[in-house]
Amino acid sequence: MRVFLAGATGAIGRPLVDRLLADGHEVVGTTRDPARADALRAKGAEAVVVDAFDAAAVHAAVAAARPEVVVHQLTALPQDPTPKAMAAAVAVNARLRRETVPTLVDAARAAGARRVIAQSISFVTKPDGRPVHDEDAPLWLDEPSQRTNVEGVRVLEAAVRDASDVEGVAMRYGFFYGPGTWYAPDGALGTMIRKRRYPIVGSGEGRSSFVHVDDAVDATVRALDGAFPSGTYNVTNDEPAPARDWIPAAASAMGAKAPRHAPVWLARRLAGPVVVHYATTLPGNRDARFRAAAPGWSPRAWRDGFAEVFA
Ligand SMILES: NC(=O)c1ccc[n+]([C@@H]2O[C@H](COP(=O)([O-])OP(=O)(O)OC[C@H]3O[C@@H](n4cnc5c(N)ncnc54)[C@H](OP(=O)(O)O)[C@@H]3O)[C@@H](O)[C@H]2O)c1
């Protein structure tokens, strides 16, 4: 099938291009960088240099590609997610979600594509004391420190869900780990953990739902299928990881010393409320809906995946 992939050069875009080509699909991938476009062509994909905020250029590129499926994998996140870098990135990243997904849905419809698949995130629901949430849990829109990020997710998912004349699938990926992500030995957070600069905050009760980037790729390929139902899906794994468990597991797999502990008040001052939420109150996510729609999808349990990635 012909696939238009917006964001073919990011942490998931790169392995997704490889997998689609290996499976025999034709890929038209986007980037803003001519050198990255050449690298895509060298792999065997077609490449378009386009800024996703240029709606007319996106429409022209999708029309010229004549895809069966349009896949959105655009984010604007830093390689090193320091609190300062993330504060700057959140606005652009949310704008990408709000503006480029409706554009891609319109362009897909105009080009006669059958389906749009868009990248969303699972770690945006309002904490309510339950350790695990499914897709029906309310988004955390009434928390000022989360609002810009979560509003971007809301608009993105609404554009996909309400699309007419084209099927829409929103993939709420958990935290990516594996090669090319923050959670790898050479990734920003792996490096901090190895250097004992990533402490367990408070009691470390926050539950991260991790997904190996290759399992996220495999899930995305399964969602291309015409038999896969439209909708919003958590793409995580069944066992959310409390911070008090996953940080020591990553450290131990790298042969690093056990993590330090930090009080909530200090982490709030140094890293901000979002980091403290992830560390202490974040609910994990259930992926039963995706597993039911894609029987056979079998993501790594996080402990196995961490042992593999951080070894
Ligand atoms: N669910 C998750 O946990 C999750 C999701 C995404 C990312 N991340 C993390 O964030 C880090 C950085 O992500 P990343 O490496 O994927 O890089 P990124 O800078 O977020 O870029 C992702 C993709 O979006 C494209 N893009 C961004 N802005 C664009 C624009 N205005 N127009 C067209 N294309 C645009 C990039 O293309 P070009 O730059 O080539 O133009 C690239 O293909 C990774 O380490 C990853 O772990 C985590």
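Now for a look at the structure at hand. Just so it is clear, the structure is predicted and the values come from calculations on it, not from any experiment.

A word on the environment of Leu104
Relative to the helices and strands, Leu104 resides in helix α4 (residues 83–110). Residue Leu104 is classed as buried on the basis of its relative accessible area of 4%. C-alpha of Leu104 to C-alpha of Ala6: the two residues are 98 residues apart in sequence and 8.6 Å apart in space. Setting aside chain neighbours within four positions, we find Leu104 in contact with Phe4, Ala6, Val58, Val62, Val70, His72 and Leu74.

Focus: the site of the ligand
Close to the ligand lie 28 residues, the nearest being Thr9, Ala11, Thr31, Arg36 and Thr75. Contact distances for the ligand include 2.7 Å between an oxygen atom and a backbone N or O atom of Ala11. Note that a nitrogen atom of the ligand is positioned 2.8 Å from one of the backbone N or O atoms of Ala52. When its residues are assigned to classes, the shell around the ligand shows 14 nonpolar, 11 polar and 3 charged.

Section: the pairing of strand β12 (residues 231–235)
Of all 5 residues in β12, 4 are buried; the element is thus mostly enclosed. Sheet analysis places strand β7 (residues 167–173) next to β12, joined by 5 bridges and oriented parallel. Each bridged residue has a counterpart across the sheet, and for Tyr173 the counterpart in β12 is Val235.

Details of the environment of Asp106
Along the polypeptide, Asp106 turns up in helix α4. Taking the C-alpha atoms as reference points, Asp106 and Arg222, 116 residues apart in sequence, are found 23 Å from one another. Looking at Asp106, its side chain comes within polar contact range of the side chain of Arg109, at 3.1 Å.

Things to note about unusual backbone geometry
The backbone of Arg66 sits at a positive phi, close to 50°, despite the residue not being glycine. Residue Arg66 is classed as exposed on the basis of its relative accessible area, which comes to 57%. Residues other than glycine seldom take positive phi values, yet Arg196 does so here, at roughly 60°. Residue position: Arg196 is located in the loop between α6 (188–194) and β9 (200–201). The class for Arg196 is partly exposed, based on a relative accessible area of 25%.

Structural notes on the packing of aromatic side chains
Tallying each qualifying case throughout the model produces 20 aromatic pairs. Measuring from ring centre to ring centre gives 4.9 Å for Phe290 and Trp297, while their planes differ by 75°; the resulting arrangement is edge-to-face. Residue classification places Phe290 among the buried residues on the basis of a relative accessible area of 0%. What makes Trp297 buried here is its relative accessible area of 4%. Grouped by ring-pair contacts, the aromatic residues Phe123, Phe175, Tyr177, Tyr183, Tyr198, Phe210, Trp246, Tyr278, Trp302, Phe306 and Phe310 constitute a single cluster. Here Arg95 stacks its cationic end above the ring of Phe53, 3.8 Å away from the centre of that ring.

Details of the pairing of strand β2 (residues 26–31)
Every other side chain in a regular strand lies on the same face of the sheet, so the side chains alternate between the two faces. The element β2 is largely enclosed, with a buried count of 5 among its 6 residues. Pairing geometry for strand β1 (residues 2–6) and β2, over 4 bridges, is parallel. Considered in β2, the bridge of Leu5 is made with Gly29. As for the winding sense of the linkage, the β-α-β connection from β1 through helix α1 (residues 13–22) to β2 is right-handed. Judged from the 4 bridges that link them, β2 and strand β3 (residues 46–49) form a sheet pairing that is parallel. When the sheet's bridge partners are listed, Val28 is paired in β3 with Glu46. A crossover links β2 with its parallel partner β3, the connecting element being helix α2 (residues 34–43), and its sense is right-handed.

What to know about the nonpolar core
Membership of the largest hydrophobic core comes to 33 residues, with the highest contact counts inside it found for Val71, Ile117, Met171, Tyr173, Leu224, Val235 and Phe290. Secondary-structure elements contributing two or more residues to this core are β1, α1, α2, β4 (69–72), β7, α7 (213–222) and β12. Here the element with the most residues in this core is α7; it accounts for 5 residues.

Observations concerning the sheet that holds β3
Either a parallel or an antiparallel arrangement is found when strands of a sheet pair, and the pairing is made through backbone hydrogen bonds. Spatially, 7 strands are ordered β3-β2-β1-β4-β5-β7-β12 in an open sheet, and the strand pairing comes out parallel. Strands with a single pairing partner mark the edges of an open sheet, and in this sheet they are β3 and β12. Strand-to-strand twist across the sheet, computed as the mean angle between neighbouring axes with direction ignored, equals 20°. Here strand β5 (residues 115–121) pairs with β7 via 7 bridges, running parallel. Residue pairing across strands places Arg115 opposite Glu167, the latter belonging to β7.

The rules behind each value
Residues numbered from 1 in each chain as written. Predicted model: local features only at pLDDT ≥ 70, side-chain atom pairs only at ≥ 80, totals over all residues. Heavy atoms only, no water. Helix = DSSP H or I, 4+ residues; strand = E, 2+ residues; numbered from the N terminus. Buried < 20%, exposed > 50% of the residue type's maximum accessible area, 1.4 Å probe, protein only. Contact = heavy atoms within 4.5 Å. Near = heavy atom within 4 Å. Polar contact = N/O pair within 3.5 Å; in protein donor to acceptor, adjacent residues only side chain to side chain. Nonpolar A, V, L, I, M, F, W, Y, C, P; charged D, E, K, R; others polar. Pairing = 2+ DSSP bridges. Phe/Tyr/Trp six-rings, centres within 6.5 Å; stacked < 30°, edge-to-face > 60°. Lys NZ or Arg CZ within 6 Å of the ring centre and 35° of its normal. Right-handed = clockwise from strand over helix to strand, strands pointing away. Core = buried A, V, L, I, M, F, W, Y, C linked by side-chain atoms within 4.5 Å. Axes fitted to C-alpha atoms, helices over the stretch in contact; angles between N-to-C directions.

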